[in-house]
Amino acid sequence: MAESVELPSRLAILPFRNKVLLPGAIIRIRCTSPSSVKLVEQELWQKEEKGLIGILPVRDSAENVTVSSMVAQGGGTDPDERSPKVHVGSSDSHKLDGKNQQEVIHWHARGVAARALHLSRGVEKPSGRVTYMVVLEGLSRFSVQELSTRGTYYTARITPLEMTKAEMELVEQDPDFVSLSRHFKATAMELISVLEQKQKTGGRTKVLLETVPLHKLADIFVASFEISFEEQLSMLDSVDLKVRLSKATELVERHLQSIRVAEKITQKVEGQLSKSQKEFLLRQQMRAIKEELGDNDDDEDDIAALESKMQSAGMPSNIWKHAQRELRRLKKMQPQQPGYNSSRVYLELLADLPWQKASEELELDLKAAKEQLDSDHYGLVKVKQRIIEYLAVRKLKPDARGPVLCFVGPPGVGKTSLASSIATALGRKFVRISLGGVKDEADIRGHRRTYIGSMPGRLIDGLKRVAVCNPVMLLDEIDKTGSDVRGDPASALLEVLDPEQNKSFNDHYLNVPFDLSKVVFVATANRMQPIPPPLLDRMEVIELPGYTPEEKLRIAMRHLIPRVLDQHGLSPDFLQIPEDMVKLVIQRYTREAGVRNLERNLAALARAAAVKVAEQEQVVPLNQDMQRLASPLVENRLAGGAEVEMEVLPMGVNNHEISNTFNISSPLVVDEEMLEKVLGPPRFDDREVAERISSPGVSVGLVWTTFGGEVQFVEATTMVGKGELHLTGQLGDVIKESAQIALTWVRARAADLKLASTEEINLLNGRDIHIHFPAGAVPKDGPSAGITLVTALVSLFSRRSARADTAMTGEMTLRGLVLPVGGIKDKILAAHRYGIKRVILPERNLKDLVEVPSAVLASLEIIFAKRMEDVLEQAFDGGCPWRQHSKL
Ligand code: ADP
């Protein structure tokens, strides 16, 4: 209970809109607006002792009240208070001097000092805004002498209004007061009895009557009633004890009367209730009890809702019959019964599936589709042309069973985004199903419902998510499905992609056929080789090679940078990434076939810039113009009910102002220094190859991985041993055999190659050979390292370094013939990325060069080799002088 407290001469003021806090009352408020949060932070949260603040009622400006205002300009005593002061007179309400009549705040002249009993701080998600929950206890009345602002909130000079002890004693002897007290006490006692009878509570409230001084009790009683704002104000204004008591007595009496009337009505109505009405009432009560106990989830309502959802799902008639049977079963079950939930979830799925709902397919406009593809993607001319052809066929024959397009290429080359562009061009929804790592057939086809935790397969789940039966469905990473004991996902996919079978696709969980024939399937894969041939047979493969640095630059400038800026809430006015810098990012920080890492690095730059811009927020000057003080109550967040969400007058900056302030005159331009600061020291440079190949025994190969082409070093060394060959670097069987062949070839040619003086000398005499493929964590296999292995061994035995500017790829036979290999385009692009100048290729790969962009070819010297000797001739500086001695 609040005892008398000494009030300071100045209090921070929290305005309460259309609400009064009376002394003795305890309320909980949530502070959300910037100024109230600031006030709580500074006056309550950061103070060790429990602070005091003033609560001042504020009337809605819309309300029509007599206004008498006094607004004066003047300097205050507090140096912080440079803003004009608002003087509050004795009248009921006041206004601030605003030109606009609407911009009026009606302050009440009297308020109540309050103490915080409890404070808690919260952070709203996702905005990150800080809010406070404060439990306040009203202490004593004060009147406002002068209102001013401190930073974002108000403070007031005040004088206390409560009586001194001596004055109190004098009043207590007043006979009028004595009789008023008696009357109030009697009425209050009656109210308490009635309430206790109704609610069967103990006599705790009665104790209050004996212990708390009556004038305080009057406030406490009134605070607990629902009375109008005007009545609350008049109670607040009742500084005189006699007035206060008589007002409180009147209000208590009125409350008592209303309880009695309500009781009478209830009795009357109850008497007239029919049996069915009684039943209804009982049901309502039961529901309320269940709600209290927390075990009510409106099952009946839910099932009715489910039924109507099922009716509107447009199921085919045989499936509708099946669903109804299941529903009847569900209705007979108790919610606690096993199987109830699974049955309900199943029916929900049936009701949610898009049996007929389809997005309306627009009349396909090929020109617009082309524009769409062009605006989303740079380059890829052939790919786009193929997509347009595909769309044209669909236009001419909408139900044509066209092949399923399958984009094959390294990550980040735009496979997914091309598929999504197709969806946009067709005016259909887009859904992506990730097949990476799917080994279980049930992932595609669902588990039977007899399993615990069974669920539909990814396709049906995707259709439920997208909620139309004719989306463009992307089967992502179709090459990453594998088969094991749990079945073969590829065979399930085969059914999905087969136009004859997918009309009635059977998901084990669903257990009724679903028509997939309206879905447009598009697939993506990194490599073609792991895709099972029957599946590949159903698809039309479109290969997307990696990009050249020039293409990457164009993609970054036209597509990635605008998108990244947009995603980070920036614009070129804030951040500019010049072309030179993008080039550096491409050269020094990324070495990939696609543009995913490039996009990531650009995003890192944008994030860094966003932090810089956001930091400026703190220096946004608060406009302290008087006009602003008198701004209307914009943030109207006063919530009804028990919890008061308080209104605090906005005084800060508005959005417009923020954007003006952020309109910095010169944008942040990324330079080399910023690159290093944000992205770290360069990860790649052109010297890498030269450094790694500086000693004999190393050669540069070109390999093909799921990430596109890559440069692969091969290192060989010898040590004392018994003539064994050691191989490391996670090698597969094929590459191990290549190493064996390479070593045999070099040993057989040792004399010709002048590695040994006579043919009889064993190169491995007393020594072991160790060949290592660095990047040991990446599994490697394939025959294309044959010529690279020989070069490394020849370099090792001859103690001559191979050329650092030359990379090679090619398979070799035991007799030294160089055989063609795959992935030439990607490998050449990789060599170009690494800054390599010469590439040795098998002669029979000449035909593959047509696929390589001419800009890349122009910057490289391509050398064709027929035999291993040709390779060695080109791999060493000054050629290989032993060639003429070699014979087959
Ligand atoms: P993938 O599916 O091949 O791994 P994504 O489609 O996810 O690659 O592409 C990665 C990012 O690169 C996307 O943001 C995509 O828009 C962008 N991108 C790739 N290629 C291009 C291109 N030619 N033009 C514009 N943006 C591209």
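Residues numbered from 1 in each chain as written. Predicted model: local features only at pLDDT ≥ 70, side-chain atom pairs only at ≥ 80, totals over all residues. Heavy atoms only, no water.

Some remarks on the overall build of the protein chain
Turning to step 1, where the next piece is worked out: Helices and strands together make up the secondary structure of the protein chain, namely 30 helices and 28 strands.
Turning to step 2, where the next piece is worked out: Counting across all 888 residues of the protein chain, residues that qualify as buried make up 46%.
Turning to step 3, where the next piece is worked out: Accessible area for the protein chain stands at about 44,800 Å²; split by element, carbon and sulfur atoms hold 51% of it. (Helix = DSSP H or I, 4+ residues; strand = E, 2+ residues; numbered from the N terminus. Buried < 20%, exposed > 50% of the residue type's maximum accessible area, 1.4 Å probe, protein only. Areas by Shrake-Rupley, 256 points an atom, 1.4 Å probe, with all protein chains shown as cover.)

Topic: the side chain of Thr131
Turning to step 1, where the next piece is worked out: In this structure, Thr131 sits in strand 8 (residues 130-150).
Turning to step 2, where the next piece is worked out: Excluding residues that lie within four positions of it along the chain, Thr131 makes contacts with Arg30, Cys31, Thr32, Val37, Ser120, Arg121, Gly122 and Glu124. (Contact = heavy atoms within 4.5 Å.)

Remarks on the pattern of salt bridges
Turning to step 1, where the next piece is worked out: Counted under the stated rule, the structure contains 39 salt bridges.
Turning to step 2, where the next piece is worked out: Linking Glu230 and Arg59 is a salt bridge whose minimum nitrogen-to-oxygen distance equals 2.5 Å. Of the two residues, Glu230 sits in helix 6 (residues 229-237) while Arg59 sits in strand 3 (residues 52-59), which places them 171 residues apart along the sequence.
Turning to step 3, where the next piece is worked out: Between Arg115 and Glu137 there is a salt bridge whose closest N-O contact spans 3.2 Å. Of the two residues, Arg115 is situated in strand 7 (residues 110-123) and Glu137 in strand 8; the sequence distance between them amounts to 22 residues.
Turning to step 4, where the next piece is worked out: A residue is classified by how much of its surface remains accessible, and Glu137, at 5% relative accessible area, is buried. (Salt bridge = Lys/Arg side-chain N within 4 Å of Asp/Glu carboxyl O.)

Considering the site of the ligand
Turning to step 1, where the next piece is worked out: Taken together, the neighbourhood of the ligand is formed by 19 residues, with Gly412, Lys415, Thr416, Arg563 and Arg596 sitting nearest.
Turning to step 2, where the next piece is worked out: Between the ligand and Val413 there is a distance of 3.3 Å, counted from an oxygen atom to a backbone nitrogen or oxygen.
Turning to step 3, where the next piece is worked out: Contact distances for the ligand include 3.1 Å between an oxygen atom and a side-chain N or O atom of Glu599.
Turning to step 4, where the next piece is worked out: When the ligand is considered free in solution it has 560 Å² of accessible area, and contact with the protein chains removes 90% of it.
Turning to step 5, where the next piece is worked out: Listed by contribution, the elements that provide at least two residues to the shell around the ligand are helix 14 (415-426), helix 19 (549-567) and helix 21 (596-615).
Turning to step 6, where the next piece is worked out: Ranked by the residues each element gives to the shell around the ligand, the list is headed by helix 19, at four residues. (Near = heavy atom within 4 Å. Polar contact = N/O pair within 3.5 Å; in protein donor to acceptor, adjacent residues only side chain to side chain.)

Regarding the nonpolar core
Turning to step 1, where the next piece is worked out: If you look at the biggest cluster of nonpolar residues, it comprises 60 residues, and the most contacted ones within it are Val746, Ile771, Val790, Leu793 and Leu872.
Turning to step 2, where the next piece is worked out: Looking at which element gives the most residues to this core, the answer is helix 27 (residues 786-798), with eight residues.
Turning to step 3, where the next piece is worked out: Residues in contact with Val746, not counting those within four places in the same chain, are Leu755, Leu763, Val790, Leu793, Val794 and Phe797.
Turning to step 4, where the next piece is worked out: In terms of nonpolar packing, the next biggest core, distinct from the first, is built from 55 residues, Leu364, Ala423, Ile577 and Met674 among them. (Core = buried A, V, L, I, M, F, W, Y, C linked by side-chain atoms within 4.5 Å.)

Details of the UniProt feature "binding site: ATP" (unreviewed entry) in the protein chain
Turning to step 1, where the next piece is worked out: In the numbering used here, UniProt assigns the "binding site: ATP" (unreviewed entry) feature to Gly409, Pro410, Pro411, Gly412, Val413, Gly414, Lys415 and Thr416.
Turning to step 2, where the next piece is worked out: Within the element layout of this structure, Gly409 appears in the loop between strand 10 (404-408) and helix 14.
Turning to step 3, where the next piece is worked out: Overall, the relative accessible area of 4% leaves Gly409 in the buried class.
Turning to step 4, where the next piece is worked out: Beyond its immediate chain neighbours, meaning those up to four positions away, Gly409 contacts Lys415, Ala525, Asn526 and Leu544.
Turning to step 5, where the next piece is worked out: When you line up the elements, Val413 lands in the loop between strand 10 and helix 14.
Turning to step 6, where the next piece is worked out: Each residue touching Val413, except ones within four places of it in the same chain, is listed here: Leu380, Leu544, Pro545, Gly546, Tyr547, Ala593 and Gly594. (UniProt positions renumbered as here; feature names shortened; annotations may be inferred.)

Describing helix 13 (residues 381-396)
Counting along an α-helix, one turn takes 3.6 residues, and residues three or four places apart therefore face a common direction.
Turning to step 1, where the next piece is worked out: A rise of 1.5 Å per residue sets the reference length of helix 13, with its 16 residues, at 22 Å; its end C-alpha atoms lie 23 Å apart and thus fit the reference within 8%.
Turning to step 2, where the next piece is worked out: Of all the residues in helix 13, the buried ones are Val383, Lys384, Arg386, Ile387, Ile388, Tyr390, Leu391 and Arg394.
Turning to step 3, where the next piece is worked out: In this structure, the buried side of helix 13 is in contact with helix 12 (366-376), strand 10, helix 14, strand 15 (520-525) and strand 16 (539-543). (Expected span 1.5 Å × (residues − 1).)

Let's talk about unusual backbone geometry
Turning to step 1, where the next piece is worked out: Located in the positive-phi region is Leu380, a residue other than glycine, with phi close to 50°.
Turning to step 2, where the next piece is worked out: Position of Leu380 relative to the elements: it lies in the loop between helix 12 and helix 13.
Turning to step 3, where the next piece is worked out: The exposure class assigned to Leu380 is buried, which follows from its relative accessible area of 10%.
Turning to step 4, where the next piece is worked out: The backbone phi angle of Glu477 is positive, close to 55°, even though this residue is not glycine.

Topic: the sheet that holds strand 12 (residues 472-476)
Turning to step 1, where the next piece is worked out: The sheet built from five strands is open, its strands ordered 11-12-15-10-16 with parallel pairing. The open sheet has two edge strands with one neighbour each: strand 11 (430-434) and strand 16. For this sheet, the mean angle separating the axes of adjacent strands, direction not counted, is 25°.
Turning to step 2, where the next piece is worked out: Bridge count for strand 10 against strand 15 is four bridges, and the pairing is parallel. Across the sheet, the residue bridging to Leu405 is Val522, located in strand 15. (Pairing = 2+ DSSP bridges. Axes fitted to C-alpha atoms, helices over the stretch in contact; angles between N-to-C directions.)

Examining the pairing of strand 3
Turning to step 1, where the next piece is worked out: For strand 3, the tally of buried residues reaches seven of eight residues, placing the bulk of the element in the interior.
Turning to step 2, where the next piece is worked out: As paired strands, strand 1 (residues 10-17) and strand 3 are joined by five bridges and run parallel to one another. Bridge pairing links Phe16 to Pro57 in strand 3.
Turning to step 3, where the next piece is worked out: Where strand 3 meets strand 7, four bridges bridge the pair, whose relative direction is antiparallel.

Some words on the packing of helix 27 against helix 30 (residues 868-875)
Turning to step 1, where the next piece is worked out: With their axes 10 Å apart at the nearest point, helix 27 and helix 30 run at an angle of 55° to one another. Here helix 27 lies oblique to helix 30, going by the angle between them. The handedness of the crossing between helix 27 and helix 30 comes out as right-handed. Of the residues in helix 30, those touching helix 27 at Ile787, Val790, Thr791 and Val794 are Met868, Val871, Leu872 and Ala875.
Turning to step 2, where the next piece is worked out: When grouped by side-chain class, the residues that make up the contact of helix 27 with helix 30 number seven nonpolar, one polar and no charged. (Parallel < 35°, antiparallel > 145°, perpendicular 65-115°, else oblique. Left-handed = near helix turned anticlockwise from the far one by under 90°. Nonpolar A, V, L, I, M, F, W, Y, C, P; charged D, E, K, R; others polar.)

Details of the environment of Gly721
Turning to step 1, where the next piece is worked out: Relative to the helices and strands, Gly721 resides in the loop between strand 21 (708-720) and strand 22 (725-728).
Turning to step 2, where the next piece is worked out: Given the relative accessible area of 22%, Gly721 is considered partly exposed.
Turning to step 3, where the next piece is worked out: Gly721 sits 46 residues away from Arg767 along the chain, and the two C-alpha atoms are 4.0 Å apart.
Turning to step 4, where the next piece is worked out: What Gly721 contacts, discounting residues up to four positions off in sequence, is Gly766, Arg767 and Asp768.

Some details on helix 5 (residues 214-223)
Turning to step 1, where the next piece is worked out: Counting buried residues in helix 5 gives eight out of ten residues, a clear majority hidden from the surface.
Turning to step 2, where the next piece is worked out: Of the residues making up helix 5, those classed as buried are Leu214, His215, Leu217, Ala218, Asp219, Ile220, Phe221 and Val222.

Comments concerning a positive patch on the surface
Turning to step 1, where the next piece is worked out: Together, Lys321, Arg325, Arg328 and Lys332 make up a region of like positive charge exposed at the surface.
Turning to step 2, where the next piece is worked out: Tracing the backbone shows Lys332 in helix 10 (residues 317-332).
Turning to step 3, where the next piece is worked out: A relative accessible area of 72% means that Lys332 is categorised as exposed. (Patch = residues over 30% accessible without salt bridge, like charges linked within 9 Å, V, L, I, M, F, W, Y side chains within 5 Å. Lys, Arg positive; Asp, Glu negative; His and termini not counted. Charge placed at Lys NZ, Arg CZ, Asp CG, Glu CD.)

Observations regarding the packing of aromatic side chains
Turning to step 1, where the next piece is worked out: Overall, the coordinates contain five aromatic pairs when judged by the stated rule.
Turning to step 2, where the next piece is worked out: Taken together, a centroid distance of 4.7 Å and an interplanar angle of 70° make the contact between Trp107 and Tyr154 edge-to-face. Of this pair, Trp107 sits in strand 6 (residues 106-107) while Tyr154 sits in strand 9 (residues 153-160), and the two are 47 residues apart along the sequence.
Turning to step 3, where the next piece is worked out: We classify Tyr154 as buried; its relative accessible area is 2%.
Turning to step 4, where the next piece is worked out: Relative to Phe514, the ring of Trp355 has its centre 4.9 Å away and its plane inclined at 50°; by these criteria the two rings are tilted. Of this pair, Trp355 sits in the loop between helix 11 (340-352) and helix 12 while Phe514 sits in strand 14 (residues 513-514), placing them 159 residues apart in sequence. (Phe/Tyr/Trp six-rings, centres within 6.5 Å; stacked < 30°, edge-to-face > 60°.)

Let's talk about the packing of helix 13 against helix 14
Turning to step 1, where the next piece is worked out: For the pair helix 13 and helix 14, the least separation of the axes is 12 Å and the interaxial angle reads 35°. Here helix 13 and helix 14 pass one another in a crossing that is right-handed. Where helix 13 abuts helix 14, its residues Val383, Ile387, Leu391 and Arg394 lie against Leu418, Ile422, Ala425 and Leu426.
Turning to step 2, where the next piece is worked out: Class assignment of the residues belonging to the contact of helix 13 with helix 14 gives a composition of seven nonpolar, no polar and one charged.

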